[in-house]
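Remarks on the overall topology
These are the residues of each chain, in order.
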Amino acid sequence: MTTKMSFYDGVVTQDELKYYSLRSGEVGAVITAAANVQDGGKGWEGELSVASDKFIPSLSRLASTIKRNGTKAILQLFHAGRMTDSKVLRGVQPVSASAIAAERPDAETPRELAEDEIYLLIEDFKKATERAIKAGFDGVELHGANTYVIQQFFSPHSNRREDQWGGSLEKRFNFINQLVDGVISVVDDSNVQDFIIGYRFSPEEYEEPGIKMADTIYLVDKLAGKELDYLHISLGDYKRVSVSEEYKEKSIMQYIHEKINGRLALIGVGDVRTKEDAENTLENAELVAVGRSLIIDPHWTSKVLEGKEDTIRRVLADQDREELMIGNGIVEFLNLMMPERLR
């Protein structure tokens, strides 16, 4: 969940530590906000960074803060790709798989990455994994969702290449294939015990051409054959049905869960507000992620498990923001995603 609470250079702040501390200890794991693996991958101000060794000390404080009462600390690794701009990058042009602008207002046209830069990007994800291990995290999640650079290589909208990195579905998967294998090899070589590796993905794009459910079924099948620990779907509603005519009989999550077929754990997600929502999600997943509800009530988990749902805070009042360590960046996010829960 994006917090925009880090220092301008990506170092963890005290407010950030307090924010995570408040939401740890009751849940099984906390997946951090996105941490960029390269300076050129920064997507917004106030973003975590794991782009060099200088970030290890503050990330170590973050990991230890989250790991209260056995909560697992998972660092989310990402690169914004074309989903940033030269203002955030201090005058540097964004990069992507191809020089195609995103379909959003005021989107800048990115520079196409050269092949040596693609290999460097994979290496920087691997180095970020090493830093996460050194900082004491229990795992990493590769953020291949929400139209960021990993997804940009898989998408036929953002990837128009005609080399080994693009063109056919198989070639658009090549970046993900080498990236995931590279991160797995880093963990294997480190001899760290029980280190978690997850992969997050968005099942569909609305752009034309864009990622369709058939593409995602292919992606999930390939990833489920690797030594990952979980896949984490990105959905705004766990009940969502595909826009593709051939995938409308079941929910997206059910199609994905059936394709995985027990090979990996699936984290289900999407506007989980109640115990019933969580139980319904778990019909097609092994784990359930709770984001927005946990922002508004850090004790959502214990209240659900103890049968005290009537005491869950459902809306965020301005006077509660200081107590809940909710800054302007989070309010901006909540206002975009669910304005009805602000007052």
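Residues numbered from 1 in each chain as written. Predicted model: local features only at pLDDT ≥ 70, side-chain atom pairs only at ≥ 80, totals over all residues. Heavy atoms only, no water.

Let us now look at the environment of Arg343. With respect to the helices, strands and loops of the structure, Arg343 is situated in the segment after helix 12 (328–337). Arg343 has contacts with Val315, Leu316, Ala317 and Asp318, leaving out every residue within four places of it along the chain. (Helix = DSSP H or I, 4+ residues; strand = E, 2+ residues; numbered from the N terminus. Contact = heavy atoms within 4.5 Å.)

Moving on, we come to helix 2 (residues 56–66). Along helix 2, the residues that are buried comprise Ile56, Ser58, Leu59, Leu62, Ala63, Thr65 and Ile66. Buried residues along helix 2 sit against helix 1 (14–22), strand 1 (29–36), strand 2 (48–49), strand 3 (72–78) and helix 3 (115–134). (Buried < 20%, exposed > 50% of the residue type's maximum accessible area, 1.4 Å probe, protein only.)

Between side chains of opposite charge, a pair can form as their charged atoms come close. Counted under the stated rule, the structure contains 21 salt bridges. Here Glu45 makes a salt bridge to Arg90, at a shortest N to O gap of 2.8 Å. You can see Glu45 sitting in the loop between strand 1 and strand 2 and its partner Arg90 sitting in the loop between strand 3 and strand 4 (95–96), a full 45 residues away along the chain. A residue is classified by how much of its surface remains accessible, and Glu45, at 35% relative accessible area, is partly exposed. Under the relative-accessibility criterion, Arg90 is labelled exposed at 53%. The salt bridge involving Glu123 is made with Lys126; its shortest N-O contact spans 3.0 Å. Taken together, the positions of Glu123 and Lys126, both in helix 3 and three residues apart, correspond to about one turn of that helix. Given the relative accessible area of 34%, Glu123 is considered partly exposed. (Salt bridge = Lys/Arg side-chain N within 4 Å of Asp/Glu carboxyl O.)

For the rest of this paragraph, the subject is the UniProt feature "domain: NADH:flavin oxidoreductase/NADH oxidase N-terminal" (unreviewed entry) in the chain. UniProt annotation of "domain: NADH:flavin oxidoreductase/NADH oxidase N-terminal" (unreviewed entry) refers to residues 3–310 when read in the numbering used here. Helix makes up 34% of residues 3–310 and strand makes up 14%, while its end C-alpha atoms are separated by 27 Å. (UniProt positions renumbered as here; feature names shortened; annotations may be inferred.)

Pairs of aromatic rings are described using the distance from one ring centre to the other and the angle between the two planes. This model, assessed by the stated rule, comprises eight aromatic pairs. Plain terms: the ring middles of Tyr119 and Trp165 are 5.3 Å apart, the flat faces sit at 75° to each other, and that makes the pair edge-to-face. Placement of Tyr119 in helix 3 and of Trp165 in the loop between helix 4 (149–154) and helix 5 (169–172) is noted, with a sequence separation of 46 residues between them. Among the residues examined, Tyr119 registers a relative accessible area of 37% and is labelled partly exposed. Accessibility expressed as a relative area gives 0% for Trp165, which makes it buried. The interplanar angle of 80° and the centroid separation of 5.1 Å between the aromatic rings of Tyr247 and Tyr255 together place this pair among those described as edge-to-face. For the pair shown, Tyr247 and Tyr255 are each scored as buried. One aromatic cluster is present, formed by Trp44, Phe78 and Tyr148 through successive ring pairs. Seen from the ring of Phe154, Arg172 lies directly overhead, with NZ or CZ sitting 5.7 Å from the centre. (Phe/Tyr/Trp six-rings, centres within 6.5 Å; stacked < 30°, edge-to-face > 60°. Lys NZ or Arg CZ within 6 Å of the ring centre and 35° of its normal.)

Turning to a negative patch on the surface, a few remarks are in order. On the surface, Glu130, Asp188, Asp189 and Glu227 cluster together to form a negatively charged patch. Mapped onto the fold, Asp188 is located in helix 6 (residues 174–190). Asp188 gets classed as partly exposed once you look at its relative accessible area, which sits at 46%. (Patch = residues over 30% accessible without salt bridge, like charges linked within 9 Å, V, L, I, M, F, W, Y side chains within 5 Å. Areas by Shrake-Rupley, 256 points an atom, 1.4 Å probe, with all protein chains shown as cover. Lys, Arg positive; Asp, Glu negative; His and termini not counted. Charge placed at Lys NZ, Arg CZ, Asp CG, Glu CD.)

Another aspect to go through is helix 12. Those residues of helix 12 that sit buried are Gly329, Ile330, Val331 and Leu334. Against the buried residues of helix 12 lie helix 1 and helix 10 (292–296).

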